[in-house]
Amino acid sequence: MSFRNLTIGAVAAAVVAASSAVTPAAAQEGIYVPLLTYRTGAFAGSGIPIADGMHDYLRMLNERDGGIGGVKLIIEECETGYDTTRGVECYESVRAKNPVVVNPYSTGITLQLIPRASVDQIPVLSMAYGLSAAADGEVFPWVFNPPVTYWDGASVFIKHVAEVEGGMENLEGKTIGLLHLDAPYGREPIPVLEALAVEHGFDLKLYPVAAQDMQNQGSVWLNVRRDRPDWIYLQGWGAMNPTAVREAVRNNFPIDRLVGVWWAGGDEDARAGGEQAAGYKSLNFHGAGADYKVIEDIITHVHDKGLSQFPRDRVGDNLYNRGIYNSMLVAEAIRTAQEVTGNKVVTGPDVRRGLESLNITEERLAELGMEGFAAPVEVTCKDHSGHHNVYVAQWDGTKWTRLTDWTSPMTEYVRPLIQEAAASYAAANPGWPTRSEVCDSE
Amino acid sequence: MIYREAGQYKTSYAADMAVFPLRQDRIGIAVIIALAYSMAYFGTDFLLQAVLIPFLIFALAAIGLNLMVGYAGLLSLGTGGFMGVGAYACYKLMTAFPDVNVIVWVLMSGFFSAGIGVFFGLPSLRIKGFYLAVATLAAQFFLQWSFNRIPWLVNYNISGAIEAPLRTLFGTAIVGPTASANARYLVVLTLVIFLTWIASNIVHGRIGRQWMAIRDMDIAAELMGIKLLQAKLLSFAVSSYFCGVAGAMLVFFWLGGAEYNVFNINQSFLILFMVIIGGLGSLIGSFFGAALIFMMPIGLGIVLPAIFEPLGIRVGAETIEHLRFMILGALIIFFLIVEPHGLARLWQIAKQKLRVWPFPY
Amino acid sequence: MNALYQIFVEPFVFMGEAPDLLLQTIWEGFVSGILYALIALGFVLIFKASGVFNFAQGIMVVFAALTLVGFHAMGIPAIIALILAIGVMFLLALTVERVVLRPLVNQPDIILFMATFGITYFLIGLGEFIFGGEPKVMIADELYLPRGRTDLDVAGGFVSIQHIDLAAAVIAIVMIAVLGVFFSKTRIGRALRAVADSHKAALSVGISLNQIWVIVWFAAGIVALVTGIMWGARSDVSFALQIIALKALPVLILGGFTSIPGAIVGGLIIGIGEKIGEFYWGPLVGGGIETWLAYVIALLFLMFRPQGLFGEKIIERV
């Protein structure tokens with residue numbers, strides 16, 4: 001009995017001590033960049049390469065250049081498991097340490113953080129995910145989603161369909177399916193596809209997949225067989241993507257008419273379909289493969305020193321490169337912030353200004369060792385996305401290859417929709433602050 | 001020595017049946033409440049926002065579930081769904097009638113989830129035990145699907161998410177992004193204390209005794225004249241009411257917004273853990289359980305790196321996550337083995353010991 | 001009126017119009033029903049012998065499959081990896097019995113139920129800690145599982161049958177038969193049934209409860225391994241599979257917690273019912289009803305048979 005009580009007491013004391021030790025670590029000299037990542041749970045398959053890519057690029061900057069502008073980056077990961085509640089907990093725990101920018105890496109978490117960004121003065125960088133309407137910098141001064149939004153992505157998909165079908169007029173009467181994860185992320189492209197369906201006279205079919213049925217898509221694909229859509233746009237994530245590619249192969253769906261959004265473009269996603277998955281397409285806005293100078297640098301400065309957790313032979317995976325691209329934007333935003341404000345150790349508001357003045361030119365990309373890896377990116381105060389070009393990549397059975405040229409989204413069409421959505425967001429939230437932040441890029 | 005009841009005579013039936021029969025208990029609870037309120041001024045933002053507010057809200061949800069599982073003996077796995085009903089009802093009410101104070105709507109929203117709870121409680125008369133538990137899963141999945149698929153519930157928001165609009169109390173923002181953690185904490189604390197007081201009165205009164213009779217043996221209770229259907233449905237209703245209010249508070253006082261996935265099955269399980277670990281049929285246990293289950297992962301996230309990093313072992317965020325899962329699992333088993341009646345029983349034992357301390361006989 | 005037409009006429013008309021799709025739907029339902037039944041079987045084995053509602057069955061499926069793939073990734077031949085994985089499941093059964101079940105003898109059901117939650121969390125953490133979170137590809141070829149498919153021409157369309165699904169059905173049926181023989185004909189099987197009937201009576205005739213528990217958990221572990229291989233070969237082995245295991249719960253309440261044939265029949269009813277419901281009626285409400293339809297089907301059955309289709313009749317006494 002006494003031993004029992006002792007153990008209980010010890011455990012209870014440990015727990016109490018653990019909970020009371022809730023004091024944020026003392027601020028170190030440096031720029032604190034938290035990464036909200038997920039290496040566990042059902043979405044880990046997509047989350048791991050991205051987490052490693054993000055980490056490795058920033059780490060490389062620390063090792064090679066000693067940080068940015070001579071200031072070391074303090075990189076810290078917080079595990080969200082792609083769960084919104086856990087993500088908010090993570091945000092709370094990093095918020096006390098003065099992060100300069102937050103990468104939520106989940107549309108659900110981004111939605112939660114959008115209203116808080118301006119209050120907490122921490123910019124949110126949701127790179128090519130999150131709320132499409134956040135591209136309107138007038139309404140969302142603290143939220144950024146370069147280089148493209150989901151709505152742009154959907155419009156590029158339609159453009160690609162039209163190109164293959166031989167012109168926009170041939171869309172009339174076609175059936176186009178959207179196979180999407182039943183979550184805010186998956187639903188994001190629906191409004192623009194619906195609008196385009198009305199305009200071009202094609203029939204839009206929605207195939208939602210609930211998170212718990214990600215690996216159990218049998219009935220969804222039966223629906224596909226019934227409706228016989230001509231094209232399918234896949235807005236999936238995690239274990240949903242490989243299963244979808246596999247099911248497409250299984251159900252005799254022409255694989256080159258299955259086009260994934262950029263997040264459905266993981267190497268493992270396509271590989272799951274076997275040889276017959278060759279031909280699967282996905283949108284992309286950066287290069288795949290390891291033949292870039294920046295990746296060589298990462299290998300020398302991070303992998304060779306044993307500082308990376310990512311398997312060496314998978315370096316160059318599409319989603320790993322996505323992580324690198326994301327971190328490049330973060331790093332360039334911090335560098336721009338240093339130039340704009342003159343501060344070396346920048347703060348959240350500084351980086352917000354840096355993001356708004358972000359202008360990564362061809363020359364700059366060459367300096368970064370990213371020639372041919374990415375296209376120039378420019379963000380302005382009004383336009384927080386830039387609606388940049390993307391291209392369609394194709395899986396050749398072993399790797400991603402570039403199928404089309406850089407294609408511009410239907411910006412003239414998408415932009416008004418975005419402004420409308422942003423206005424209605426502000427209207428739905430009475431007391432939404434009107435923009436008072438300074439603008440440097442005008 | 002201090003915790004001794006000598007000299008306190010109970011001279012009336014009421015005094016004997018009081019919730020806190022000892023003066024020390026009454027003083028203790030007053031001190032705890034006073035301390036809790038003072039935290040609003042002394043606590044850091046992180047402590048309030050990331051620890052205390054969610055702890056209180058989860059404790060309330062655990063109380064709600066405990067009323068059903070611990071007092072009425074009806075196992076439910078649908079807590080997440082019922083919390084969601086409260087949250088979405090509150091959202092609809094507060095956007096439809098923005099002029100009424102948000103606290104009114106938070107308290108009202110519970111009635112909607114009570115109604116839904118009664119509906120899903122109907123099979124409870126015919127089925128019991130694990131069969132009922134699985135039946136409540138139907139509620140969980142159906143409700144979660146509804147939150148996702150009925151755009152009316154989110155006011156046709158294209159992302160399918162709800163955001164907390166700005167709402168004030170006495171001119172101070174208590175809901176919305178600009179509400180300070182202190183203000184929200186004060187509101188949450190007051191509501192939780194108020195609702196705990198109500199719950200305590202329910203379980204100590206006629207209704208609570210009926211539930212306990214049903215829990216201990218429903219046929220015997222029926223023979224004694226308790227109407228099973230009414231009592232069981234009432235327990236569904238009351239339990240769902242508390243869960244619904246907790247759900248509304250979770251979204252509007254803590255998260256600041258939600259998508260349907262916040263109310264997923266894991267939420268239901270988590271609250272069930274709190275109830276079991278805290279102690280079935282104990283209100284104070286619900287608080288203990290919420291504290292342990294909610295705060296332990298946060299604590300581990302801070303303590304584990306502190307332990308390993310000096311040893312030169314790099315612990316990534318994911319390793320901490322794995323260890324958290326393993327430790328949580330191991331602790332659940334550990335606590336069940338050493339004290340199946342939960343932390344509340346440990347508390348009782350401690351109080352017994354304290355009465356004779358320092359001179360035990 | 002239009003709504004009534006859509007609910008009661010249109011789906012049936014469509015079934016008649018496209019018999020190939022109807023057959024395909026039933027086949028898909030049949031296959032997922034078999035797989036649900038396999039998961040449910042693991043639950044039933046343990047519930048029958050120890051009265052424990054083993055929530056950890058889902059994670060055991062993932063854990064078993066991960067162990068197999070993990071051993072193979074270390075360069076061990078598939079067959080030996082399979083044997084090693086079986087060994088790991090035995091160790092797991094032994095540990096669970098020693099660490100969890102034995103100290104909790106005689107506790108209320110809900111406590112044991114909670115303890116299996118503890119096991120679930122522990123195994124999730126341990127599994128990801130050892131094997132990492134990425135989805136793994138099941139070593140289907142190395143285990144001589146067939147691949148490819150056959151398309152049967154039916155009424156102008158085709159019904160596509162995956163060979164792996166056929167194999168899953170055959171293996172499941174064989175496994176159920178083996179378990180049936182094991183339960184009814186062997187010494188251990190009889191002991192298991194004795195324990196299921198009454199712990200006390202079984203103890204008094206010299207049956208070791210602890211030993212029986214190890215055996216049933218081990219048997220459930222093997223069922224989990226087979227389930228994991230089958231599910232894994234159809235999609236990937238990832239922790240998302242654990243969520244699918246929840247689908248086995250309506251199967252259980254439909255079939256009864258204690259009946260092996262109940263698990264099979266329940267699995268098939270749920271599998272086929274939810275696929276047909278989703279395919280023909282789902283679009284009326286926006287689809288995705290598969291997540292809860294299974295529970296509603298099960299609830300409807302429960303209204304008439306509270307102990308499930310094959311469950312033992314509960315006789316209550318005061």
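Residues numbered from 1 in each chain as written. Chains lettered and ligands numbered in written order. Predicted model: local features only at pLDDT ≥ 70, side-chain atom pairs only at ≥ 80, totals over all residues.

This part takes up the overall build of chain B. Along chain B, the regular secondary structure elements total 14 helices and 4 strands. For 361 residues, the compact-globule estimate of 2.2 N^0.38 gives 21 Å, and the C-alpha radius of gyration of chain B, at 21 Å, lies within 12% of that figure. Each principal axis of the C-alpha atoms in chain B carries an extent, and together these give about 70 × 65 × 45 Å. For chain B, restricting intrachain contacts to residue pairs at least 6 apart in sequence, the fraction spanning at least 24 positions comes to 74%. (Helix = DSSP H or I, 4+ residues; strand = E, 2+ residues; numbered from the N terminus. Rg over C-alpha atoms; globule rule 2.2 N^0.38 Å. Contact = placed C-beta atoms within 7 Å.)

Glancing now at the overall build of chain A. Counting its regular elements, chain A contains 15 helices and 13 strands. Whereas a compact globule of 442 residues would reach a radius of gyration of roughly 22 Å, chain A reaches 22 Å, a difference of no more than 12%. Viewed in the frame of its principal axes, chain A has a C-alpha envelope of about 70 × 70 × 50 Å. In chain A, buried positions account for 60% of the 442 residues. (Buried ≥ 20, exposed ≤ 12 C-beta atoms within 10 Å, placed from the backbone.)

Across the boundary between the two partners, chain A contributes 30 residues, which contact 28 residues of chain C. Counting residues per element, the ones that place at least two in the side of chain A that touches chain C are α2 (44–65), α8 (218–227) and α9 (240–250) of chain A. Broken down by element, the side of chain A that touches chain C gets its largest block of residues, 6 residues, from α8(A).

So, on to the sheet that holds strand β13 (residues 400–402) of chain A. All names here are of chain A. In spatial order, the strands read β6-β5-β7-β8-β9-β12-β13; together these 7 strands make up an open sheet with mixed pairing. Each of the sheet's edge strands pairs with one partner strand only, and the pair in question is β6 (203–209) and β13. Across the sheet, the mean angle separating the axes of adjacent strands is 30° when strand polarity is ignored. Sheet topology note: the strand β12 (residues 391–395)/β13 ladder contains 3 bridges and is antiparallel. The residue bridging Trp395 from the neighbouring strand is Trp400, located in β13. (Pairing = 2+ DSSP bridges. Axes fitted to C-alpha atoms, helices over the stretch in contact; angles between N-to-C directions.)

A few words on helix α4 (residues 57–73) of chain C. Because each turn of an α-helix spans 3.6 residues, side chains separated by three or four positions in sequence point in the same direction. All names here are of chain C. When the terminal C-alpha atoms of α4 are compared, their 24 Å separation across 17 residues agrees well with the 24 Å that a helix rising 1.5 Å per residue should span. Counting buried positions along α4 gives 16 out of 17 residues, so the element sits mostly inside the fold. Gly75, located one to two residues past α4, shows a positive phi value of around 95°. (Expected span 1.5 Å × (residues − 1).)

What follows deals with the interface of chain A and chain B. Contacts between the two partners involve 42 residues from chain A and, on the opposite side, 39 residues from chain B. Among the elements of the structure, α1 (2–20), β2 (73–79), α3 (84–95), α4 (107–120), α6 (184–187) and α15 (411–428) of chain A are those that each provide at least two residues to the side of chain A that touches chain B. For the side of chain A that touches chain B, the residue count by class is 20 nonpolar, 12 polar and 10 charged. (Nonpolar A, V, L, I, M, F, W, Y, C, P; charged D, E, K, R; others polar.)

This brings us to the packing of helix α13 (residues 317–338) of chain B against helix α6 (residues 109–131) of chain C. It is at 7 Å that the axes of α13(B) and α6(C) come closest, and there the two elements cross at 155°. Here α13(B) is positioned roughly antiparallel relative to α6(C), judged by the angle of their axes. Handedness of the crossing formed by α13(B) with α6(C): left-handed. For the contact of α13(B) with α6(C), the residue count by class is 18 nonpolar, 5 polar and 2 charged. (Parallel < 35°, antiparallel > 145°, perpendicular 65-115°, else oblique. Left-handed = near helix turned anticlockwise from the far one by under 90°.)

Let's shift gears to the packing of helix α12 (residues 248–255) of chain C against helix α14 (residues 290–304) of chain C. When two helices pack together, their arrangement is given by the angle between the helix axes and by the axis-to-axis distance. Residue and element names in this part refer to chain C. Between α12 and α14, whose axes approach to 9 Å, the crossing angle comes to 15°. As judged from the angle between their axes, α12 and α14 are roughly parallel. When you trace α12 past α14, the crossing you get is left-handed. Counting all contacts with α12, which are made through Pro250, Ile253 and Leu254, the residues of α14 involved are Ala294, Tyr295, Ile297, Ala298, Phe301 and Leu302. In terms of residue class, the contact of α12 with α14 is built from 9 nonpolar, no polar and no charged.

In this section: the confidence of the model for chain A. Residues and elements named next belong to chain A. Overall, the prediction assigns chain A a mean pLDDT of 85, with 93% of residues at 70 or greater. Per-residue pLDDT, averaged within each element of chain A, yields its smallest value for α1 (50) and its largest for strand β7 (residues 231–235) (93). Scored below 50 in pLDDT, residues 15–28 shows 26 contacts in the model against residues more than four places distant or in partner chains. (pLDDT = per-residue confidence, 0-100.)

This part is about the confidence of the model for chain B. As a note on interpretation, predicted positions should not be read in detail where pLDDT is low. Confidence in the prediction for chain B averages 86 pLDDT; 99% of positions are at 70 or higher. Scored as a complex, the prediction yields pTM 0.88 and ipTM 0.85.

All right, on to unusual backbone geometry then. All names here are of chain A. Residue Pro147 follows Pro146 across a cis peptide bond; omega there is -5°. Summarising the element assignment, Pro147 is placed in the loop between β4 (143–144) and α5 (150–165). Located in the positive-phi region is Gln121, a residue other than glycine, with phi close to 60°. Residue position: Gln121 is located in the loop between α4 and β3 (124–125). The phi torsion at Arg228 lies on the positive side, around 45°, for a residue other than glycine. Mapped onto the elements, Arg228 comes out in the loop between α8 and β7. Residue Arg228 is classed as exposed on the basis of its 10 C-beta neighbours within 10 Å.

A word on the environment of Val19(B). Take Val19(B): it is sitting in the loop between α1 (13–16) and α2 (23–42). Those residues in contact with Val19(B), other than ones at most four positions away along the chain, are Ser200(B) and His204(B).

Attention now moves to the environment of Ile122(A). Residues and elements named next belong to chain A. The residue Ile122 is located in the loop between α4 and β3 in this model. For the pair formed by Ile122 and Asn223, sequence separation is 101 residues and the distance between their alpha carbons is 44 Å. Here Ile122 is in contact with Arg95, Pro99, Val102, Ala117 and Gly348, once residues within four sequence places are set aside.

Moving on: the pairing of strand β1 (residues 31–37) of chain A. All names here are of chain A. The element β1 is largely enclosed, with a buried count of 6 among its 7 residues. In the sheet, β1 pairs with β2 via 7 bridges, with the strands oriented parallel. Paired with Tyr32 across the two strands is Ile74, which belongs to β2. A crossover connection joins β1 to the parallel β2 through α2; in handedness this β-α-β unit is right-handed. (Right-handed = clockwise from strand over helix to strand, strands pointing away.)

As a further point, take the pairing of strand β2 (residues 157–162) of chain C. All names here are of chain C. By the bridge criterion, 6 bridges tie strand β1 (residues 149–154) to β2 in an arrangement that is antiparallel. Following the sheet pairing, Val154 is matched in β2 by Gly157. What sits between β1 and β2 in their antiparallel hairpin is a turn of 2 residues, with Ala155 showing a positive phi close to 45°.

On to the environment of Ala30(B), then. Residues and elements named next belong to chain B. Within the secondary structure, Ala30 is located in helix α2. Residue classification places Ala30 among the exposed positions, given that 11 C-beta atoms sit within 10 Å. Along the sequence, Ala30 and Gln230 sit 200 residues apart, while their C-alpha atoms lie 36 Å from each other.

Our next topic: helix α4 (residues 79–96) of chain B. Between the first and last C-alpha of α4(B) there are 26 Å, a value that for 18 residues agrees with the 26 Å anticipated at 1.5 Å per step. Most of α4(B) is tucked away, with 14 of its 18 residues classed as buried.

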